[in-house]
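Listed here are the chains, written in short residue letters.
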Amino acid sequence: LFNFKIILGKNGVPVAENFQLQQSTIPDTVQDGQVRVRTLYLSVDPYMRCRMNEDTGSDYLLPWQLSEAADGGGIGVVEESKHNNFAKGDFVTSFKWPWQTVAVLDGSSLQKLVPQLVDGRLSFFLGAAGLTGLTALLGIKEKGHVSAGANQTMVVSGAAGACGSLAGQIGRLEGCSRVVGIAGTDEKCSILVSEMGFDAAINYKKGNVAEQLRELCPGGVDVYFDNVGGDISDAVINQMNRNSHIILCGQISQYNKDVPYPPPLPPEVEKIQKERNITRERFLVLNYMDKQEASVLQLCQWIREGKLKVRETVVEGLENIGAAFQSMMNGGNIGKQIVSVSS
(Lines give C-alpha, C1' and ligand atoms only; values in the text may rest on other atoms or scores of the structure.)
Protein backbone atom coordinates (compact mmCIF):
# COMPACT_ATOMS: atom_id res chain seq x y z
CA LEU A 1 0.00 0.00 0.00
CA PHE A 2 1.23 3.48 -0.89
CA ASN A 3 -0.50 6.61 0.28
CA PHE A 4 0.12 10.31 -0.10
CA LYS A 5 0.55 12.46 3.00
CA ILE A 6 0.50 16.22 3.07
CA ILE A 7 3.45 17.52 5.08
CA LEU A 8 2.97 21.30 4.86
CA GLY A 9 -0.10 23.51 4.92
CA LYS A 10 -0.02 27.30 4.82
CA ASN A 11 -0.97 30.33 2.78
CA GLY A 12 1.14 30.66 -0.33
CA VAL A 13 1.59 28.77 -3.59
CA PRO A 14 1.37 24.96 -3.22
CA VAL A 15 4.26 22.94 -4.65
CA ALA A 16 4.76 19.22 -5.23
CA GLU A 17 7.16 19.09 -2.28
CA ASN A 18 4.23 19.81 0.08
CA PHE A 19 3.27 16.16 -0.47
CA GLN A 20 5.13 13.02 0.53
CA LEU A 21 4.69 9.42 -0.64
CA GLN A 22 4.87 6.82 2.12
CA GLN A 23 4.50 3.07 2.33
CA SER A 24 2.23 1.66 5.02
CA THR A 25 -0.05 -1.28 5.79
CA ILE A 26 -3.81 -1.76 6.02
CA PRO A 27 -5.74 -4.26 8.18
CA ASP A 28 -5.56 -7.89 7.05
CA THR A 29 -9.25 -8.46 7.68
CA VAL A 30 -12.33 -6.62 6.45
CA GLN A 31 -14.93 -6.04 9.18
CA ASP A 32 -18.72 -6.20 8.78
CA GLY A 33 -19.92 -3.17 6.83
CA GLN A 34 -16.51 -2.56 5.24
CA VAL A 35 -15.03 -3.15 1.79
CA ARG A 36 -11.48 -3.36 0.54
CA VAL A 37 -10.98 -1.36 -2.64
CA ARG A 38 -8.19 -0.86 -5.15
CA THR A 39 -7.91 2.74 -6.29
CA LEU A 40 -8.31 3.41 -10.02
CA TYR A 41 -8.63 7.20 -10.33
CA LEU A 42 -8.20 10.21 -8.05
CA SER A 43 -9.30 13.79 -8.64
CA VAL A 44 -7.35 16.93 -7.82
CA ASP A 45 -9.37 20.14 -7.75
CA PRO A 46 -8.95 23.84 -6.93
CA TYR A 47 -11.11 23.64 -3.78
CA MET A 48 -8.44 21.40 -2.23
CA ARG A 49 -6.16 24.42 -1.85
CA CYS A 50 -8.22 25.61 1.14
CA ARG A 51 -7.75 22.20 2.77
CA MET A 52 -4.04 23.02 3.08
CA ASN A 53 -4.93 25.64 5.72
CA GLU A 54 -5.88 24.97 9.34
CA ASP A 55 -8.97 27.10 8.75
CA THR A 56 -10.52 26.06 5.44
CA GLY A 57 -12.96 28.99 5.55
CA SER A 58 -15.76 26.46 5.10
CA ASP A 59 -17.96 24.47 7.45
CA TYR A 60 -18.27 21.53 5.03
CA LEU A 61 -14.55 20.99 4.28
CA LEU A 62 -12.12 19.75 6.89
CA PRO A 63 -8.42 20.62 6.62
CA TRP A 64 -5.99 17.92 5.56
CA GLN A 65 -3.96 16.82 8.58
CA LEU A 66 -0.17 16.92 8.56
CA SER A 67 1.35 13.47 8.01
CA GLU A 68 -2.02 11.81 7.43
CA ALA A 69 -3.29 10.51 4.10
CA ALA A 70 -4.96 13.25 2.07
CA ASP A 71 -8.35 12.52 0.50
CA GLY A 72 -10.75 13.75 -2.16
CA GLY A 73 -12.86 12.42 -5.01
CA GLY A 74 -11.89 8.90 -6.02
CA ILE A 75 -12.99 5.79 -7.91
CA GLY A 76 -12.00 2.20 -7.29
CA VAL A 77 -12.96 -1.44 -7.68
CA VAL A 78 -14.13 -3.64 -4.82
CA GLU A 79 -11.71 -6.50 -4.05
CA GLU A 80 -13.47 -7.85 -0.95
CA SER A 81 -16.80 -6.88 0.59
CA LYS A 82 -18.60 -7.40 3.89
CA HIS A 83 -21.27 -4.82 3.03
CA ASN A 84 -24.62 -5.93 1.63
CA ASN A 85 -24.68 -3.29 -1.11
CA PHE A 86 -21.37 -4.21 -2.73
CA ALA A 87 -19.78 -7.28 -4.29
CA LYS A 88 -16.31 -8.05 -5.57
CA GLY A 89 -15.79 -6.35 -8.93
CA ASP A 90 -18.20 -3.46 -8.32
CA PHE A 91 -16.97 0.01 -9.26
CA VAL A 92 -17.49 2.54 -6.47
CA THR A 93 -16.81 6.20 -5.74
CA SER A 94 -16.55 8.54 -2.76
CA PHE A 95 -15.95 12.25 -2.16
CA LYS A 96 -13.62 11.28 0.72
CA TRP A 97 -11.41 8.71 -1.00
CA PRO A 98 -7.97 8.41 0.64
CA TRP A 99 -4.96 9.00 -1.59
CA GLN A 100 -3.88 5.37 -1.32
CA THR A 101 -3.38 2.52 -3.78
CA VAL A 102 -5.53 0.20 -1.62
CA ALA A 103 -7.91 1.05 1.23
CA VAL A 104 -10.43 -0.49 3.60
CA LEU A 105 -13.46 1.79 3.66
CA ASP A 106 -16.83 1.94 5.37
CA GLY A 107 -19.36 0.81 2.77
CA SER A 108 -21.80 3.54 3.85
CA SER A 109 -19.38 6.14 2.43
CA LEU A 110 -19.44 4.59 -1.06
CA GLN A 111 -21.70 4.91 -4.07
CA LYS A 112 -21.94 2.21 -6.74
CA LEU A 113 -21.25 3.31 -10.31
CA VAL A 114 -22.87 2.15 -13.55
CA PRO A 115 -20.09 2.22 -16.20
CA GLN A 116 -22.59 1.95 -19.08
CA LEU A 117 -23.89 5.44 -18.31
CA VAL A 118 -20.59 6.91 -19.58
CA ASP A 119 -19.73 4.21 -22.13
CA GLY A 120 -17.20 2.73 -19.72
CA ARG A 121 -15.22 5.93 -19.19
CA LEU A 122 -15.17 5.58 -15.40
CA SER A 123 -13.05 8.66 -14.78
CA PHE A 124 -15.92 10.78 -16.16
CA PHE A 125 -17.70 10.15 -12.83
CA LEU A 126 -15.06 12.40 -11.21
CA GLY A 127 -15.68 15.15 -13.77
CA ALA A 128 -18.39 15.62 -16.36
CA ALA A 129 -20.71 12.99 -14.82
CA GLY A 130 -19.73 13.79 -11.23
CA LEU A 131 -19.61 16.79 -8.92
CA THR A 132 -17.85 18.91 -11.57
CA GLY A 133 -20.62 18.42 -14.10
CA LEU A 134 -23.26 18.86 -11.41
CA THR A 135 -21.66 22.15 -10.37
CA ALA A 136 -21.79 23.44 -13.94
CA LEU A 137 -25.32 22.26 -14.66
CA LEU A 138 -26.94 23.18 -11.34
CA GLY A 139 -25.02 26.45 -11.14
CA ILE A 140 -26.48 27.50 -14.48
CA LYS A 141 -29.97 26.25 -13.64
CA GLU A 142 -30.14 27.64 -10.09
CA LYS A 143 -28.17 30.90 -10.40
CA GLY A 144 -27.85 31.67 -14.11
CA HIS A 145 -31.50 32.28 -14.97
CA VAL A 146 -30.89 31.12 -18.54
CA SER A 147 -33.98 31.17 -20.71
CA ALA A 148 -34.16 29.68 -24.21
CA GLY A 149 -34.98 32.29 -26.82
CA ALA A 150 -33.96 35.23 -24.61
CA ASN A 151 -30.86 35.96 -26.73
CA GLN A 152 -28.53 35.83 -23.70
CA THR A 153 -24.75 36.11 -23.78
CA MET A 154 -22.74 34.01 -21.32
CA VAL A 155 -19.10 34.57 -20.41
CA VAL A 156 -17.09 31.82 -18.68
CA SER A 157 -13.75 32.44 -16.95
CA GLY A 158 -11.39 29.55 -16.35
CA ALA A 159 -13.18 28.28 -19.43
CA ALA A 160 -10.74 25.49 -20.33
CA GLY A 161 -10.78 23.98 -16.84
CA ALA A 162 -12.82 21.05 -15.59
CA CYS A 163 -15.93 23.07 -14.71
CA GLY A 164 -15.62 25.96 -17.15
CA SER A 165 -15.29 23.76 -20.24
CA LEU A 166 -18.58 22.07 -19.31
CA ALA A 167 -20.34 25.26 -18.20
CA GLY A 168 -19.97 26.95 -21.58
CA GLN A 169 -21.41 23.95 -23.38
CA ILE A 170 -24.25 23.56 -20.87
CA GLY A 171 -25.05 27.27 -21.16
CA ARG A 172 -25.55 26.73 -24.87
CA LEU A 173 -27.63 23.56 -24.34
CA GLU A 174 -29.83 25.44 -21.84
CA GLY A 175 -30.49 28.26 -24.30
CA CYS A 176 -27.74 30.90 -24.38
CA SER A 177 -27.33 32.33 -27.87
CA ARG A 178 -23.70 33.38 -27.44
CA VAL A 179 -20.95 31.88 -25.27
CA VAL A 180 -17.51 33.46 -24.82
CA GLY A 181 -14.70 31.83 -22.84
CA ILE A 182 -11.65 33.30 -21.11
CA ALA A 183 -8.56 31.08 -20.80
CA GLY A 184 -4.78 31.38 -20.44
CA THR A 185 -3.25 30.01 -23.66
CA ASP A 186 -3.92 30.15 -27.40
CA GLU A 187 -4.21 26.34 -27.43
CA LYS A 188 -6.96 26.42 -24.80
CA CYS A 189 -8.82 29.17 -26.66
CA SER A 190 -8.60 27.19 -29.90
CA ILE A 191 -10.00 24.04 -28.26
CA LEU A 192 -12.89 25.98 -26.73
CA VAL A 193 -13.98 27.24 -30.15
CA SER A 194 -13.13 24.25 -32.35
CA GLU A 195 -14.14 21.37 -30.04
CA MET A 196 -16.53 22.74 -27.44
CA GLY A 197 -18.70 25.09 -29.44
CA PHE A 198 -17.80 28.40 -27.80
CA ASP A 199 -18.42 31.33 -30.16
CA ALA A 200 -15.15 32.97 -29.18
CA ALA A 201 -12.41 32.80 -26.58
CA ILE A 202 -10.07 35.38 -25.05
CA ASN A 203 -6.48 34.67 -24.02
CA TYR A 204 -6.31 36.88 -20.93
CA LYS A 205 -2.51 36.87 -21.09
CA LYS A 206 -2.63 38.64 -24.47
CA GLY A 207 -4.14 42.04 -25.15
CA ASN A 208 -6.74 43.94 -23.17
CA VAL A 209 -9.49 41.71 -21.76
CA ALA A 210 -12.00 44.56 -21.35
CA GLU A 211 -11.54 45.71 -24.97
CA GLN A 212 -11.92 42.16 -26.28
CA LEU A 213 -15.06 41.63 -24.20
CA ARG A 214 -16.60 44.79 -25.63
CA GLU A 215 -15.86 43.54 -29.14
CA LEU A 216 -17.03 39.94 -28.60
CA CYS A 217 -20.09 40.77 -26.46
CA PRO A 218 -21.61 43.77 -28.26
CA GLY A 219 -24.92 43.32 -26.43
CA GLY A 220 -23.24 43.12 -23.03
CA VAL A 221 -23.07 40.10 -20.73
CA ASP A 222 -26.19 38.50 -19.25
CA VAL A 223 -24.70 35.50 -17.43
CA TYR A 224 -21.17 35.20 -16.04
CA PHE A 225 -19.89 31.81 -14.88
CA ASP A 226 -17.07 32.92 -12.58
CA ASN A 227 -14.29 30.44 -11.81
CA VAL A 228 -11.43 32.85 -11.18
CA GLY A 229 -12.33 36.15 -9.48
CA GLY A 230 -9.77 38.98 -9.42
CA ASP A 231 -9.03 41.36 -12.28
CA ILE A 232 -10.67 39.16 -14.93
CA SER A 233 -13.97 39.11 -13.08
CA ASP A 234 -13.78 42.86 -12.51
CA ALA A 235 -13.47 43.33 -16.29
CA VAL A 236 -16.45 41.07 -16.98
CA ILE A 237 -18.68 42.72 -14.36
CA ASN A 238 -17.98 46.08 -16.02
CA GLN A 239 -19.60 44.67 -19.20
CA MET A 240 -22.63 43.13 -17.52
CA ASN A 241 -26.17 44.24 -18.25
CA ARG A 242 -28.80 45.39 -15.81
CA ASN A 243 -30.49 42.48 -13.96
CA SER A 244 -27.81 40.05 -15.08
CA HIS A 245 -26.42 37.15 -13.07
CA ILE A 246 -23.03 35.97 -11.77
CA ILE A 247 -22.70 32.24 -11.05
CA LEU A 248 -20.12 32.31 -8.29
CA CYS A 249 -18.47 28.93 -8.81
CA GLY A 250 -14.82 29.53 -7.84
CA GLN A 251 -12.18 32.19 -7.25
CA ILE A 252 -8.95 30.36 -8.09
CA SER A 253 -6.96 33.58 -8.52
CA GLN A 254 -7.56 34.26 -4.81
CA TYR A 255 -7.02 30.80 -3.30
CA ASN A 256 -3.36 31.35 -2.42
CA LYS A 257 -4.21 34.56 -0.52
CA ASP A 258 -5.52 34.98 3.00
CA VAL A 259 -8.88 36.51 2.06
CA PRO A 260 -12.48 35.55 2.90
CA TYR A 261 -14.62 33.58 0.45
CA PRO A 262 -16.13 34.92 -1.63
CA PRO A 263 -13.58 37.73 -1.82
CA PRO A 264 -15.08 41.21 -1.67
CA LEU A 265 -15.23 43.17 -4.92
CA PRO A 266 -13.26 46.42 -5.30
CA PRO A 267 -15.51 49.36 -4.28
CA GLU A 268 -15.94 50.67 -7.84
CA VAL A 269 -16.92 47.19 -9.13
CA GLU A 270 -19.26 46.58 -6.19
CA LYS A 271 -20.94 49.89 -7.04
CA ILE A 272 -21.56 48.68 -10.61
CA GLN A 273 -22.92 45.39 -9.30
CA LYS A 274 -25.41 47.12 -7.01
CA GLU A 275 -26.44 49.87 -9.44
CA ARG A 276 -27.17 47.33 -12.20
CA ASN A 277 -28.85 44.86 -9.82
CA ILE A 278 -26.41 42.06 -10.74
CA THR A 279 -26.89 38.98 -8.58
CA ARG A 280 -23.72 37.52 -7.03
CA GLU A 281 -24.60 34.84 -4.51
CA ARG A 282 -22.38 32.08 -3.20
CA PHE A 283 -23.22 28.81 -4.96
CA LEU A 284 -22.63 25.44 -3.28
CA VAL A 285 -23.64 22.38 -5.30
CA LEU A 286 -23.96 20.28 -2.12
CA ASN A 287 -27.08 22.31 -1.28
CA TYR A 288 -28.85 20.82 -4.32
CA MET A 289 -28.20 17.11 -3.86
CA ASP A 290 -31.94 16.38 -4.10
CA LYS A 291 -31.46 17.07 -7.82
CA GLN A 292 -28.31 14.95 -8.15
CA GLU A 293 -29.77 11.78 -9.67
CA ALA A 294 -31.79 13.45 -12.42
CA SER A 295 -28.95 15.87 -13.20
CA VAL A 296 -26.33 13.10 -13.51
CA LEU A 297 -28.62 11.21 -15.89
CA GLN A 298 -29.00 14.37 -17.99
CA LEU A 299 -25.22 14.87 -18.09
CA CYS A 300 -24.63 11.23 -19.06
CA GLN A 301 -27.23 11.47 -21.83
CA TRP A 302 -25.55 14.57 -23.27
CA ILE A 303 -22.15 12.82 -23.08
CA ARG A 304 -23.39 9.69 -24.88
CA GLU A 305 -25.14 11.82 -27.53
CA GLY A 306 -21.94 13.80 -28.15
CA LYS A 307 -23.59 17.06 -27.11
CA LEU A 308 -21.21 17.48 -24.17
CA LYS A 309 -17.54 17.16 -25.13
CA VAL A 310 -15.29 16.00 -22.31
CA ARG A 311 -11.58 16.74 -21.98
CA GLU A 312 -9.26 15.21 -19.39
CA THR A 313 -5.61 15.73 -18.47
CA VAL A 314 -4.42 12.41 -17.05
CA VAL A 315 -1.28 11.91 -14.97
CA GLU A 316 -0.15 8.34 -14.32
CA GLY A 317 0.88 7.14 -10.87
CA LEU A 318 0.03 8.06 -7.28
CA GLU A 319 3.59 9.30 -6.80
CA ASN A 320 2.84 12.14 -9.24
CA ILE A 321 -0.34 13.44 -7.55
CA GLY A 322 1.49 16.35 -5.87
CA ALA A 323 2.88 17.50 -9.21
CA ALA A 324 -0.57 17.09 -10.79
CA PHE A 325 -2.11 19.26 -8.07
CA GLN A 326 0.54 21.95 -8.54
CA SER A 327 0.10 21.90 -12.33
CA MET A 328 -3.70 22.16 -12.05
CA MET A 329 -3.42 25.16 -9.71
CA ASN A 330 -1.16 26.81 -12.30
CA GLY A 331 -3.54 26.13 -15.20
CA GLY A 332 -1.57 23.23 -16.66
CA ASN A 333 -4.68 21.16 -17.33
CA ILE A 334 -7.24 21.22 -20.12
CA GLY A 335 -10.53 19.86 -18.79
CA LYS A 336 -10.51 17.69 -15.70
CA GLN A 337 -7.21 16.86 -13.98
CA ILE A 338 -7.19 13.14 -13.23
CA VAL A 339 -4.58 10.90 -11.61
CA SER A 340 -4.67 7.32 -12.84
CA VAL A 341 -3.51 5.12 -9.95
CA SER A 342 -4.04 1.65 -11.44
CA SER A 343 -5.67 0.13 -14.49
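In this text the structure is predicted, and so the values were computed from the model without any measurement.

Caption draft 1: Layout of the sheet that holds strand β9 (residues 178-183). Spatially, β10-β9-β8-β11-β12-β13 is the arrangement adopted by the 6 strands of the open sheet, whose pairing is parallel. Among the strands making up the open sheet, the edge pair consists of β10 (200-203) and β13 (279-282). Between one strand and the next, the sheet's axes are offset by a mean angle of 20°, whatever the strand orientation. Packed on one face of the sheet, helix α4 (residues 209-216) meets β8 (153-157), β9 and β10 and runs near 170° to β10. Running at roughly 165° to strand β11 (residues 221-226), helix α5 (residues 230-238) makes contact with β8, β9, β11 and β12 (240-248) of the sheet.

Caption draft 2: Focus on the pattern of salt bridges. Counted by the stated rule, this structure contains 15 salt bridges. Between R36 and E79 there is a salt bridge, with the nearest N and O atoms lying 3.4 Å from each other. Highlighted residues: R36 in strand β3 (residues 34-43) and E79 in strand β4 (residues 71-81), separated in sequence by 43 residues. Assessed through its relative accessible area of 23%, R36 is described here as partly exposed. A salt bridge links K141 to E174; the nearest nitrogen and oxygen atoms lie 3.3 Å apart. Of this pair, K141 sits in helix α1 (residues 131-144) while E174 sits in helix α2 (residues 162-174), placing them 33 residues apart in sequence. Through salt bridges with shared partners, one network takes in R36, R38, E79 and E80.

Rules of the game
- Residues numbered from 1 in each chain as written.
- Predicted model: local features only at pLDDT ≥ 70, side-chain atom pairs only at ≥ 80, totals over all residues.
- Heavy atoms only, no water.
- Pairing = 2+ DSSP bridges.
- Helix = DSSP H or I, 4+ residues; strand = E, 2+ residues; numbered from the N terminus.
- Axes fitted to C-alpha atoms, helices over the stretch in contact; angles between N-to-C directions.
- Contact = heavy atoms within 4.5 Å.
- Salt bridge = Lys/Arg side-chain N within 4 Å of Asp/Glu carboxyl O.
- Buried < 20%, exposed > 50% of the residue type's maximum accessible area, 1.4 Å probe, protein only.

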